Number of protein chains: 2
Amino acid sequence: MNPASAPIGVFDSGLGGLTVLKALLDRLPDERFVYVGDTARLPYGTKSRSTIRRYLQQNVEFLLKRGVKAIVVACNSASSALEPGDSWSVPLYEVIGPGSRSALAVTKNRRVAVLATRATVAGGAYPSKLQELSPGLTVFQEACPLLVPIVEEGMEADPLARELVRRHSSVVVDQAADTVILGCTHYPVLGEVFRRMLGDAVTIVDSSRTLADELQGDLRSGRVAAAADGRVGAGASPRVELLVTDLGPRADELAARFLAPHGAEPARLVDLG
Amino acid sequence: MNPASAPIGVFDSGLGGLTVLKALLDRLPDERFVYVGDTARLPYGTKSRSTIRRYLQQNVEFLLKRGVKAIVVACNSASSALEPGDSWSVPLYEVIGPGSRSALAVTKNRRVAVLATRATVAGGAYPSKLQELSPGLTVFQEACPLLVPIVEEGMEADPLARELVRRHSSVVVDQAADTVILGCTHYPVLGEVFRRMLGDAVTIVDSSRTLADELQGDLRSGRVAAAADGRVGAGASPRVELLVTDLGPRADELAARFLAPHGAEPARLVDLG
């Protein structure tokens with residue numbers, strides 16, 4: 001077991017997973033984090049399960065070598081490529097379970113829609129987790145393949161983004177789902193657009209907050225060793241080491257935007273491959 | 001020098017480069033080809049120059065190990081990452097030169113627009129090649145980052161594709177360019193949409209045909225050893241070995257569509273990395 005002072009590792013195909021890291025920073029003020037964004041191979045969600053599994057393993061092994069005490073898979077496509085037999089030397093957290101539990105906590109009519117990448121939809125991890133937790137629940141899925149490039153390009157205020165959100169919202173409305181899981185870490189950036197399109201009758205689930213709650217519970221129970229109180233603290237220097245496999249001009253700007261009011265060290269280039 | 005019977009290697013970040021391979025198959029009926037689509041790391045055009053150069057080198061080395069007699073870089077983003085000192089053991093063909101020469105052959109008002117990926121635009125290879133060949137030429141560039149995912153998703157008939165083409169066409173019209181280079185191998189799939197939007201006053205340049213002409217010239221002159229006449233022939237079994245780094249469900253369907261009436265062997269998975 002790695003020491004209590006070790007950081008928590010977080011990874012995603014790119015920088016979208018910073019929306020998950022933000023929730024962790026909010027909830028866990030004493031912890032430090034190492035974030036890996038595999039920007040050189042972004043996106044994952046259009047690729048096959050076997051390729052995504054290979055990338056997942058490389059990310060996990062990279063973080064284990066850096067001595068992390070727990071790993072958060074902040075990517076739905078990678079989470080959905082996990083298999084029951086997978087086992088690593090530190091606790092591993094993924095986003096499908098927390099997202100499913102959040103949805104179950106709020107749905108009243110037991111009709112849940114999942115909007116996700118092609119890979120996540122094809123893997124079927126959300127329907128199978130939701131139905132395992134609550135047999136008989138009705139689940140609808142839709143792949144939204146253009147939303148990742150829209151967010152990566154910073155086009156969330158563009159009319160094209162609104163048009164795509166309108167299309168993907170219609171499956172929710174047509175199927176009378178009262179709960180939507182935004183099953184890709186990029187999509188919360190479009191949360192406001194979805195909220196306006198869907199109105200108050202539909203609840204949009206935030207899996208990152210549930211994930212942060214669950215990790216906080218495990219730090220309290222000792223399943224993961226908690227950092228000593230006040231060792232870093234909310235007011236201290238950045239608690240995030242930011243590593244990317246392709247260092248584009250916008251990495252630090254995106255990190256500042258996604259993590260505010262928290263900060264990160266300037267992004268550095270690493271090789272996973 | 002590899003033997004005349006060796007195949008010609010062609011690579012791209014994905015399957016868009018099959019539009020270039022099609023032109024080569026049309027023009028060079030006696031030659032065989034090995035095509036590599038780096039679909040596991042697609043797209044290249046949103047990534048940094050140093051990452052694209054690393055991928056370029058891996059593709060070239062992979063093809064050299066397979067004994068090709070020449071290599072075609074059927075990807076504008078990779079072509080634009082080549083540097084003057086680059087040198088390999090077989091002749092290497094890229095698409096920026098042929099595209100520039102095609103544009104110069106048709107422009108009358110000497111105003112040329114280049115539509116390309118972010119990486120190609122940032123690298124400035126087209127303006128610098130065009131102005132080297134014809135000093136004083138006026139060149140406009142525009143990055144079109146969503147067109148690759150639109151084509152990859154097979155959405156070229158979608159109103160969203162028309163809206164994006166309309167936006168990108170306006171730079172051509174506003175700047176009174178009479179010639180447009182579609183500087184990404186995916187964009188010719190949207191050629192008809194661009195043609196309707198731009199009308200007859202603007203010529204859309206097809207760099208793959210010029211590239212095929214230039215390679216044919218080199219096969220005739222002996223710079224590249226030509227396969228013996230009739231050894232394969234237009235009526236023979238597929239002349240294309242199709243290799244990809246991520247084997248998605250649509251690879252063979254896309255290959256059939258992009259290469260018709262030519263065919264390819266079923267796609268096989270390889271690792272460049």
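Cut-offs applied
- Residues numbered from 1 in each chain as written.
- Chains lettered and ligands numbered in written order.
- Predicted model: local features only at pLDDT ≥ 70, side-chain atom pairs only at ≥ 80, totals over all residues.
- Heavy atoms only, no water.
- Helix = DSSP H or I, 4+ residues; strand = E, 2+ residues; numbered from the N terminus.
- Rg over C-alpha atoms; globule rule 2.2 N^0.38 Å.
- Contact = heavy atoms within 4.5 Å.
- Areas by Shrake-Rupley, 256 points an atom, 1.4 Å probe, with all protein chains shown as cover.
- Lys, Arg positive; Asp, Glu negative; His and termini not counted.
- Charge placed at Lys NZ, Arg CZ, Asp CG, Glu CD.
- Least-squares fit on C-alpha atoms with pLDDT ≥ 70 in both.
- Phe/Tyr/Trp six-rings, centres within 6.5 Å; stacked < 30°, edge-to-face > 60°.
- Buried < 20%, exposed > 50% of the residue type's maximum accessible area, 1.4 Å probe, protein only.
- Lys NZ or Arg CZ within 6 Å of the ring centre and 35° of its normal.
- Domains from an automatic or database assignment.
- Buried area = accessible area lost by both parts, 1.4 Å probe.
- Salt bridge = Lys/Arg side-chain N within 4 Å of Asp/Glu carboxyl O.
- Polar contact = N/O pair within 3.5 Å; in protein donor to acceptor, adjacent residues only side chain to side chain.
- Nonpolar A, V, L, I, M, F, W, Y, C, P; charged D, E, K, R; others polar.

**Remarks on the overall build of chain A**
Summing up its helical and strand segments, chain A has eleven helices and ten strands in all. In terms of overall size, chain A behaves like a compact globule, its C-alpha atoms giving a radius of gyration of 18 Å where 273 residues would be expected to give roughly 19 Å. For chain A, the share of sequence-separated contacts (at least 6 apart) that also reach a separation of at least 24 residues comes to 78%. Carbon and sulfur atoms make up 50% of the accessible area of chain A, which totals about 10,700 Å². In chain A, which carries 30 positive and 31 negative side-chain charges, the distance between the mean positions of the two groups comes to 2 Å.

**Some remarks on the relation of the copies chain A and chain B**
With an RMSD of 0.0 Å, the operation that places chain A on chain B is a rotation of 180° combined with a shift of 0.0 Å along the axis. On this basis, the relationship between the two copies can be described by a two-fold rotation axis. Closest approach to the rotation axis within chain A is made by the C-alpha atom of Arg41(A), at a distance of 2.2 Å. Comparing interface residues between copies, 100% of those in chain A also sit at the interface in chain B, which points to an isologous, same-surface contact.

**Examining the packing of aromatic side chains**
Summed over the entire model, instances satisfying the criterion amount to two aromatic pairs over all chains. On the basis of an interplanar angle of 40° and a centroid distance of 5.2 Å, the ring pair of Tyr44(B) and Tyr55(B) is categorised as tilted. Of this pair, Tyr44(B) sits in the loop between β2 (33-37) and α2 (49-65) while Tyr55(B) sits in helix α2, and the two are eleven residues apart along the sequence. Like Tyr55(B), Tyr44(B) is buried. Directly above the aromatic system of Tyr55(A) lies the positively charged group of Arg41(A), at a separation of 3.8 Å from the ring centroid.

**Description of the domain arrangement of chain A**
Residues and elements named next belong to chain A. According to the domain assignment, chain A consists of domain 1 (3-94 + 208-269) and domain 2 (96-206). On a C-alpha basis, the centres of domain 1 and domain 2 stand 22 Å from each other. At the junction of the two partners, domain 1 supplies 28 residues and domain 2 supplies 24 residues. Around 1,900 Å² of area is buried between domain 1 and domain 2 when both sides are counted, 48% of it from carbon and sulfur atoms. For the pair domain 1 and domain 2, the number of links is three salt bridges. The tally of links from domain 1 across to domain 2 stands at 16 residue pairs in polar contact (both at pLDDT 80 or more).

**Topic: the pattern of salt bridges**
Residues and elements named next belong to chain A. Taken as a whole and assessed by the stated rule, the structure comprises 38 salt bridges over all chains. Of the charged contacts, one joins Arg-101 and Glu-214 as a salt bridge, the two residues approaching to 2.7 Å between their closest N and O atoms. Of this pair, Arg-101 sits in helix α4 (residues 96-106) while Glu-214 is found in helix α10 (residues 207-221), placing the two residues 113 residues apart along the sequence. The exposure class assigned to Arg-101 is partly exposed, which follows from its relative accessible area of 35%. Measuring nitrogen to oxygen at the nearest pair gives 2.4 Å for the salt bridge that ties Arg-268 to Glu-241. One end of the pair, Arg-268, is in strand β10 (residues 268-269); the other, Glu-241, is in strand β9 (residues 240-244), and 27 residues separate them in sequence.

**Focus on the side chain of Lys47(A)**
Of note, Lys47(A) is situated in the loop between β2 (33-37) and α2 (49-65). Salt bridges are absent for the buried Lys47(A), whose nearest opposite-charge side chain, Asp246(B), sits at 7.3 Å. Polar side-chain contacts of Lys47(A) include one of 2.9 Å to the backbone oxygen of Pro43(A). Discounting residues that sit within four places of it in the chain, Lys47(A) has contacts with Arg41(A), Leu42(A), Ile52(A), Ala119(A), Thr39(B), Ala40(B), Arg41(B), Leu42(B) and Asp246(B).

**Here's the deal with the interface of chain A and chain B**
Each partner contributes residues to the interface: chain A has 28 residues there, and chain B has 28 residues. Buried area between chain A and chain B, both sides added, is near 2,000 Å², and the carbon and sulfur share of it is 50%. Contact with chain B buries surface across chain A, with Leu146(A), Glu153(A) and Leu160(A) losing the most and accounting together for 26% of the total. In this structure, the salt-bridge partner of Asp158(A) is Arg167(B), at a minimum N-O distance of 2.8 Å. Our enumeration of links across chain A and chain B arrives at 14 residue pairs in polar contact (both at pLDDT 80 or more). Mapped by element, the contributors of at least two residues to the side of chain A that touches chain B are α2, α7 (147-152) and α8 (159-174) of chain A. Broken down by element, the residue count for the side of chain A that touches chain B peaks at five residues, all from α8(A). Partitioned by chemical class, the residues of the side of chain A that touches chain B number 13 nonpolar, five polar and ten charged.

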